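The chain contents come next:
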Amino acid sequence: AISYAALAGFSIPTQRALVMVVVVMGMILLRRAVTRWSGYLTALTLLLLYDPFALLSAGFWLSFAAVGWILYTLPKREDHKLRIKWVTLIQLQGVLLIGLMPILLYLFRQGSLIAPVANLIAVPWVSMTVVPATLLGVLLELLSLPGGELLIQTGAWLMEWLLPLLDGLAALRFSHFGFHQPTLWVTLVALAGTLYLLSPHAGKRRWLGVLALIPLYFTPPQRPPEGEAWVNVLDVGQGLSVVMESHDKVLLYDTGGRFSSTFNAGSAVVVPFLHARGWRQVDLLVVGHGD
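Here is what the cut-offs are and how they apply
Residues numbered from 1 in each chain as written. Predicted model: local features only at pLDDT ≥ 70, side-chain atom pairs only at ≥ 80, totals over all residues. Heavy atoms only, no water. Core = buried A, V, L, I, M, F, W, Y, C linked by side-chain atoms within 4.5 Å. Buried < 20%, exposed > 50% of the residue type's maximum accessible area, 1.4 Å probe, protein only. Helix = DSSP H or I, 4+ residues; strand = E, 2+ residues; numbered from the N terminus. Contact = heavy atoms within 4.5 Å. Pairing = 2+ DSSP bridges. Patch = residues over 30% accessible without salt bridge, like charges linked within 9 Å, V, L, I, M, F, W, Y side chains within 5 Å. Areas by Shrake-Rupley, 256 points an atom, 1.4 Å probe, with all protein chains shown as cover. Salt bridge = Lys/Arg side-chain N within 4 Å of Asp/Glu carboxyl O.

As for the nonpolar core
Right, on to step 1. Counting residues in each nonpolar core, the largest one holds 12 residues, listed as Ile-12, Val-19, Met-20, Val-23, Tyr-40, Ala-43, Leu-47, Ala-54, Phe-60, Phe-64, Val-67 and Leu-71.
Right, on to step 2. Those elements giving two or more residues to this core turn out to be helix 2 (12-29), helix 3 (36-50) and helix 4 (58-73).
Right, on to step 3. Those residues in contact with Val-67, other than ones at most four positions away along the chain, are Arg-16, Met-20 and Tyr-40.
Right, on to step 4. Val-236, Val-243, Ala-265 and Leu-274 belong to the second largest nonpolar core, which has 10 residues in total.

Thoughts on the pairing of strand 5 (residues 250-253)
Right, on to step 1. Here strand 5 shows one buried face, formed by Val-250 and Leu-252, and one open face, formed by Leu-251 and Tyr-253.
Right, on to step 2. With 4 bridges connecting them, strand 4 (residues 240-245) and strand 5 associate as antiparallel partners. For Val-243, the partnering residue across the bridge sits in strand 5 and is Leu-252.
Right, on to step 3. Connecting strand 4 to the antiparallel partner strand 5 that follows it, the hairpin turn spans 4 residues.

A few points about a nonpolar patch on the surface
Right, on to step 1. A grouping of Trp-86, Leu-89, Ile-90, Val-117, Leu-120, Ile-121 and Leu-165 is seen on the molecular surface, where their side chains present a nonpolar patch of about 610 Å² in accessible area.
Right, on to step 2. Contributing elements (two or more residues each) for the nonpolar patch: helix 6 (85-108) and helix 7 (115-142).
Right, on to step 3. Mapped onto the elements, Ile-90 comes out in helix 6.
Right, on to step 4. With a relative accessible area of 41%, Ile-90 lands in the partly exposed category.

So, in structure tokens, the structure goes:
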């Protein structure tokens with residue numbers, strides 16, 4: 001597990017998984033009973049002691065939130081034996097879609113509707129074919145044994161089979177959607193509603209959780225009052241871009257330059273800011289200079 005985490009660069013999700021493995025294995029070796037939540041919270045605490053700045057990473061929140069939702073909704077062991085495994089997998093993907101959506105909208109101002117389908121295809125395929133072939137190939141290469149290069153090429157070939165399917169899913173019109181920046185209190189209310197909506201004990205009152213989601217999805221973005229304007233200055237590298245918002249219109253002065261064939265400040269800085277503010281079109285664009 002440590003070697004695998006090192007190969008993955010010790011990213012936040014990898015650190016979480018490694019710490020949880022250490023916690024669970026430590027409990028087994030010490031012959032101590034451990035509940036799902038005690039292991040989860042111990043891993044959370046140890047990770048923050050190791051890297052307090054992980055709190056500033058979106059990966060930290062998404063990673064622990066995903067595992068938390070799975071633990072929260074996972075059926076009891078005796079109930080789990082009665083269920084077909086693929087039914088449980090589909091249900092967990094639905095849980096992650098609903099549970100992570102408020103966090104995704106708050107952090108990235110966009111959500112994905114096709115993610116459960118992509119995960120159901122990609123996760124087993126990568127886990128059972130691509131990763132074993134690649135890791136075994138790397139091991140053989142390190143030991144200077146024959147077959148390593150062939151296995152690595154096989155892993156790449158298996159991944160090439162998957163990418164067109166994922167690209168096709170991402171290209172669907174309904175695969176993802178943009179969203180304006182929700183306020184923190186609206187996001188917290190939505191998370192509380194989601195907690196109740198996904199509760200295994202909610203029963204017939206589950207619809208109360210849906211009510212708490214209404215402000216998140218239907219509260220319009222904030223706008224200046226009539227007669228006022230908000231001005232934001234954006235750093236676009238060489239120069240600046242100015243966004244002036246009134247109650248119902250937006251003016252944009254300069255968009256930033258194109259620095260290469262694959263990067264320009266307009267799509268990287270200006271457009272995400274406009275989307276976060278809830279604007280889908282500009283009423284007036286002023287270009288200040290030829291760049």
